Amino acid sequence: MSKLALLGGKAAIDFPEGDMFKWPIVNQEMEAAVLEVLRDGNMSGTDITGKFAAEFAAWNGTKYALAHSSGTAALQAAMFAVKLGPGDELICPSLTYWASAVPALSLGAAVVFADIDPDTLCLSVESFEKHITPRTKAVVVVHYASYPADMDRIMAVAKKHHIKVIEDVSHAQGGYYKGRMLGTFGDVAAFSLMSGKSFAIGEGGMLLTDNQEIYERAILWGHYERHSEVSEAVKGEAGGLPWGGYKYRMHQMSSTVGRIQLKKYSAEIAEIDQAMKRFWSQLRDIPGLRWCYPEDSGSSKAGWYASCAFYDKDKFQGLSLNRFFAAVRAEGVPCHTGINRPLHRHPLFTSWDIYGHGKPTALVNLPDGTDLAALTGELPHTDRAHSRVFHEPWFKHYREKEIDRYAEGVRKVAENYEELLPGDTQTEETTSGWALTRRRS
Ligand SMILES: *Cc1c(COP(=O)(O)O)cnc(C)c1O
């Protein structure tokens, strides 16, 4: 009789998960606030949103915050605000959610993808520098899966080459890099606040900056109702209509939830941090499993959104990642595989003609004869990530006994993995998609 649940044994987790993984944590104050907005007919106003943005800026310590209808909207506005446009190239890691890159195409710019650092899954500084050309205008730095990117070195390279830095903080709200909050390093930062993320308020996004011109250009782009706040020097004669033709204001049922979330968020992510560290403290001696955590002092993984860890199949006689974690899940431990598919392989960035230019959109506005595939080149760490990365269970509460039981479930598979070798078909990861958040089944 096998020990492992996948092969018919008894599962390690024999208690209900309860609210251990439930997110976000909704309290009565949030429920009442949403009802109030609804009953007041104040969904499309800007009074609550304005307060939320001001509080968000104060939390992060920046001069300006502009609330958006989504993180995607905030990213596109950030790209426009740093003057990314026709003829320009944007460097972006290929391992990210599409909104870090795709909006550049609607601005007439091209995207050049860079590789990731295999130990952090964030932008590789070497690859970033290698992809710079005279046309590089900006870089998007993603703090991927809540890991803080190497901002000291990235900012040094960007400064040397006069490149604007857009931080995508959608995975890491409230995180730190060497004692300083993520989103405060670059020229501008964009955050997704949609309901799957750590800072979850429904659909919503936030743009942060210390730069007045960037802030005002973002208002001009998608917030026509606030053009009166923009200086004449920046808006010229063109106030009153949104420059992008977009309307990006945040829904007030979201911003009212955001104001309350802000009050309790720091305590919630501190508890998550404690829980995740407890889990890993039980597993660190297992060869072949390695956590992905910034050990240097003053850095953090904030809410541990979609947090990743590494699996080394060579330590398990070649047992595939999929088979190992199918067995872990069968024990009742929610360790999922599957991360964002590499964007540089999608037709939108290789061949597709979105606007009918008669040539690939990715090439429009670049010099004739540009070889797009050569611009991006090989990104080996990005291509390999799906076969070595898994997601730990995302604990929302610090409950020692339960966390330890989940860790024991993983250990049980690691100790009995040889039972899994015979049935291993070595199938490659199939659950990866263009989005990272899993659908509710
Ligand atoms: C979720 C996400 C976005 C987009 O945010 P939305 O609020 O869903 O529009 C952008 N970048 C990254 C890295 C994301 O994960």
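Residues numbered from 1 in each chain as written. Predicted model: local features only at pLDDT ≥ 70, side-chain atom pairs only at ≥ 80, totals over all residues. Heavy atoms only, no water.

**Student:** Sorry if this is basic, but what is going on with the overall build of the protein here?
**Tutor:** For the protein, the count of helices and strands is 13 helices and 13 strands. Its C-alpha atoms give the protein principal-axis dimensions of roughly 80 × 60 × 40 Å. Counting the 441 residues in the protein, one finds 57% classified as buried. Long-range pairs, those at least 24 residues apart, make up 72% of the contacts in the protein between residues at least 6 apart in sequence. Surface summary for the protein: the accessible area is close to 18600 Å², and the carbon and sulfur share equals 51%. Between the centroid of the 48 positive side chains of the protein and the centroid of its 54 negative side chains there is a distance of 1 Å. (Helix = DSSP H or I, 4+ residues; strand = E, 2+ residues; numbered from the N terminus. Buried < 20%, exposed > 50% of the residue type's maximum accessible area, 1.4 Å probe, protein only. Contact = heavy atoms within 4.5 Å. Areas by Shrake-Rupley, 256 points an atom, 1.4 Å probe, with all protein chains shown as cover. Lys, Arg positive; Asp, Glu negative; His and termini not counted. Charge placed at Lys NZ, Arg CZ, Asp CG, Glu CD.)

**Student:** Whenever I open this one, the site of the ligand confuses me. Can you help?
**Tutor:** Inspection of the region around the ligand gives 16 residues, with Thr-72, Asp-168, His-171, Ser-192 and Lys-197 positioned closest. Within the backbone of Gly-71, a nitrogen or oxygen atom sits 2.8 Å from an oxygen atom of the ligand. Take Thr-72: an N or O atom from its side chain is 2.6 Å from an oxygen atom of the ligand. Compared with its free state, where it exposes 380 Å², the ligand has 95% of that area covered by protein. Element by element, the count of residues in the shell around the ligand is highest for helix H3 (residues 71–81), at three residues. Classifying every residue of the shell around the ligand by side-chain character gives five nonpolar, nine polar and two charged. (Near = heavy atom within 4 Å. Polar contact = N/O pair within 3.5 Å; in protein donor to acceptor, adjacent residues only side chain to side chain. Nonpolar A, V, L, I, M, F, W, Y, C, P; charged D, E, K, R; others polar.)

**Student:** Even after reading the chapter, I still don't get the packing of aromatic side chains, so can you show me in this structure?
**Tutor:** Geometry of an aromatic ring pair is reported as the spacing of the ring centres plus the angle between the planes. Taken as a whole and assessed by the stated rule, the structure comprises 36 aromatic pairs. Taking the centre distance of 4.8 Å and the plane angle of 35 degrees together, the rings of Tyr-97 and Trp-98 count as tilted. With 4.9 Å between their ring centres and 90 degrees between their planes, Phe-113 and Phe-349 make a pair best called edge-to-face. Placement of the pair is Phe-113 in strand E3 (residues 110–114) and Phe-349 in the loop between strand E12 (336–337) and helix H11 (372–376), with a sequence separation of 236 residues. (Phe/Tyr/Trp six-rings, centres within 6.5 Å; stacked < 30°, edge-to-face > 60°.)

**Student:** Would you take a moment to explain the nonpolar core for this structure?
**Tutor:** If you look at soluble globular proteins, the nonpolar side chains tend to sit buried side by side. Core analysis: the biggest nonpolar cluster contains 103 residues, and Phe-52, Phe-56, Phe-128, Met-151, Ile-166, Leu-193 and Met-206 have the highest contact counts within it. When residues in this core are grouped by element, the largest group, eight residues, is from H3. Residues within four places of Leu-193 in sequence aside, it is in contact with Phe-52, Phe-56, Gln-173, Phe-199, Ala-200, Ile-201, Gly-202, Gly-204, Gly-205, Met-206 and Met-250. If you look at the next biggest cluster of nonpolar residues, it comprises 42 residues, including Phe-15, Met-276, Ala-306 and Ala-327. (Core = buried A, V, L, I, M, F, W, Y, C linked by side-chain atoms within 4.5 Å.)

**Student:** Is there a simple way to explain the sheet that holds strand E13 (residues 389–391) in this structure?
**Tutor:** One key point about sheets: their strands pair by backbone hydrogen bonds, in either a parallel or an antiparallel sense. Strands sit in the order E10-E11-E13-E12 across an open sheet of four strands; the sheet is antiparallel. Each end of this open sheet is capped by a strand with a single partner; those strands are strand E10 (289–291) and E12. Sheet analysis places strand E11 (residues 308–311) next to E13, joined by three bridges and oriented antiparallel. Bridging across to E13, Cys-308 finds its partner in His-391. Together, E10, E11 and E13 form the strand contacts of helix H9 (residues 252–281), whose direction differs from that of E10 by roughly 150 degrees. (Pairing = 2+ DSSP bridges. Axes fitted to C-alpha atoms, helices over the stretch in contact; angles between N-to-C directions.)

**Student:** How do you make sense of the side chain of Gln-261 when you look at a structure like this?
**Tutor:** Along the chain, Gln-261 turns up in helix H9. Overall, the relative accessible area of 1% leaves Gln-261 in the buried class. Not counting chain neighbours up to four residues away, the residues in contact with Gln-261 comprise Ile-25, Met-30, Phe-199, Ala-200, Ile-201 and Glu-268.

**Student:** What should I look at first to understand the pattern of salt bridges in this one?
**Tutor:** Pairing between side chains of opposite charge can happen when the charged atoms of each approach one another. The full count for this structure, using the stated rule, is 26 salt bridges. With its nearest N and O atoms 3.1 Å apart, the salt bridge here joins Lys-137 to Asp-88. Pair noted here: Lys-137 is in strand E4 (residues 136–142) and Asp-88 is in the loop between H3 and strand E2 (89–93), with a separation of 49 residues, a long-range link. Across the pair Lys-178 and Asp-152 runs a salt bridge, and its minimum N-O distance is 3.0 Å. Of this pair, Lys-178 sits in the loop between strand E6 (176–177) and strand E7 (180–181) while Asp-152 sits in helix H6 (residues 151–160), and the two are 26 residues apart along the sequence. Residue Lys-178 is classed as partly exposed on the basis of its relative accessible area of 46%. Each of the salt bridges in this network shares a partner with another, and the network as a whole consists of Lys-10, Asp-14 and Arg-405. (Salt bridge = Lys/Arg side-chain N within 4 Å of Asp/Glu carboxyl O.)

**Student:** Sorry if this is basic, but what is going on with the state of the cysteines here?
**Tutor:** Cysteine pairs can be linked by a disulfide, which is a covalent bond between their two sulfur atoms. According to the stated counting rule, one finds zero disulfides in the structure shown. Unpaired in this structure, Cys-122 has its nearest cysteine sulfur neighbour in Cys-292, at a distance of 7.5 Å. Cysteine Cys-292 shares no disulfide, and the gap to the nearest cysteine sulfur, in Cys-308, comes to 6.6 Å. Note on Cys-292: relative accessible area 3%, which makes it buried. (Disulfide = S-S within 2.5 Å.)

**Student:** Which parts of the structure should I look at to understand the sheet that holds strand E8 (residues 188–192)?
**Tutor:** Read from one edge of the open sheet, seven strands run E1-E9-E8-E5-E4-E2-E3, paired in mixed fashion. Of all strands in the sheet, those bounded by a partner on one side alone are strand E1 (64–68) and E3. Here the strands of the sheet are splayed against their neighbours by 20 degrees on average, with no regard to which way each runs. When E4 meets strand E5 (residues 164–168), the two strands line up parallel, connected through five bridges. Looking across to E5, one finds that Ala-138 is bridged to Lys-164. Its contacts with the sheet place helix H7 (residues 212–222) against E1, E8 and strand E9 (205–209), and it is angled at close to 20 degrees to E1.

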